[in-house]
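# Chain and residue survey
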Amino acid sequence: MELVNIFIKSAFIENLALAYFLGMCSYLAVSKTVKTAFGLGLAVIFVLGITMPINWIINTHLLGESGIFKTDLTFLRFILFIAVIASMVQLVEMVVEKFSPSLYNSLGIFLPLITVNCAILGGSLFMVSKEYNFSESVAFGLGGGFGWFLAIIAIAAIREKIKYSNVPPALRGLGMAFLLTGLMGLAFMSLMGIDPGSISN
């Protein structure tokens, strides 16, 4: 039940995009259509779900004083975390290019940029600071990725509808996207007072 609590909390209450505003570059750039947002959202779920437990293993069994080297190597945390993230993103990029060339072309530079997406690295660093165990880190990674997926799908759907609205010229494009993100962030802040344990019980 604790894993369900962590999943719900990371997806809705502590949403990486709308509570912490992490990963905004790709969030705003790729959310013009639902199709591209859906593809990038799935990629983020996969990368977070895979890299979080791998980074937990590295942090616990390699970098810590209780690890295999019996010395404090935490100064290497950023480098190793980013190396793991980069390798997983490369795998996703190859799979998307092989099986969906149209999605690969529409995502463009923003697919490889998941490597430096601060939501991915931020998730791993949050995992360390919260001192999660292995299974909790998996739940946190999947929940964080699912929350980011929901956020980018929601804003993409709204932005597609807004194309047909009479938006003032000064707010068209990124201006309206920033306003929508702020309003969605406020909406998600209303969930912060909810205890996820009361939902799952």
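In the nomenclature of an unreviewed UniProt entry, the protein is known as Na(+)-translocating NADH-quinone reductase subunit E of Portibacter lacus. Listed in UniProt under the heading Sequence similarities (unreviewed entry), the comment for the protein reads: "Belongs to the NqrDE/RnfAE family."

### Describing the overall build of the protein
Counting its regular elements, the protein contains nine helices and zero strands. Taken along its principal axes, the extent of the C-alpha atoms in the protein is 65 × 45 × 30 Å. Looking at charge distribution, the protein has the averaged site of its 11 positive side-chain charges lying 15 Å from that of its 10 negative ones.

### Topic: the environment of Phe 126
Looking at the element boundaries, Phe 126 is found in helix α6 (residues 118-129). Spatially, the C-alpha atom of Phe 126 lies 18 Å from that of Ala 86, the residues being 40 residues apart in sequence. Once you skip the residues sitting within four places of it in the chain, Phe 126 turns out to touch Leu 16, Tyr 20, Leu 22 and Phe 140.

### A short note on the environment of Ile 158
With respect to the element layout, Ile 158 can be found in helix α7 (residues 134-162). A relative accessible area of 33% places Ile 158 in the partly exposed class. In the structure, Ile 158 is positioned 101 residues away from Ile 57 in sequence and 39 Å away in space, judged by C-alpha atoms. Those residues within four positions of Ile 158 in sequence are excluded, and the remaining contacts are Leu 180 and Met 184.

### Here's the deal with the nonpolar core
Core analysis: the largest hydrophobic core is formed by 48 residues, its most contacted members being Tyr 27, Ile 114 and Trp 148. When residues of this core are traced back to their parent elements, those giving at least two are α2 (24-30), α3 (34-63), α4 (77-99), α5 (101-107), α6, α7 and α8 (174-189). Residues in contact with Trp 148, not counting those within four places in the same chain, are Asn 15, Leu 16, Ala 17, Leu 22, Gly 23, Ser 26, Tyr 27, Leu 40, Gly 41, Val 44, Asn 117 and Ala 119.

### Considerations on the pattern of salt bridges
The full count for this structure, using the stated rule, is two salt bridges. Salt bridges here are not isolated pairs; linked through shared partners, they connect Lys 9, Glu 14 and Lys 130.

Thresholds, definitions, all that
Residues numbered from 1 in each chain as written. Predicted model: local features only at pLDDT ≥ 70, side-chain atom pairs only at ≥ 80, totals over all residues. Heavy atoms only, no water. UniProt positions renumbered as here; feature names shortened; annotations may be inferred. Helix = DSSP H or I, 4+ residues; strand = E, 2+ residues; numbered from the N terminus. Lys, Arg positive; Asp, Glu negative; His and termini not counted. Charge placed at Lys NZ, Arg CZ, Asp CG, Glu CD. Contact = heavy atoms within 4.5 Å. Buried < 20%, exposed > 50% of the residue type's maximum accessible area, 1.4 Å probe, protein only. Core = buried A, V, L, I, M, F, W, Y, C linked by side-chain atoms within 4.5 Å. Salt bridge = Lys/Arg side-chain N within 4 Å of Asp/Glu carboxyl O.

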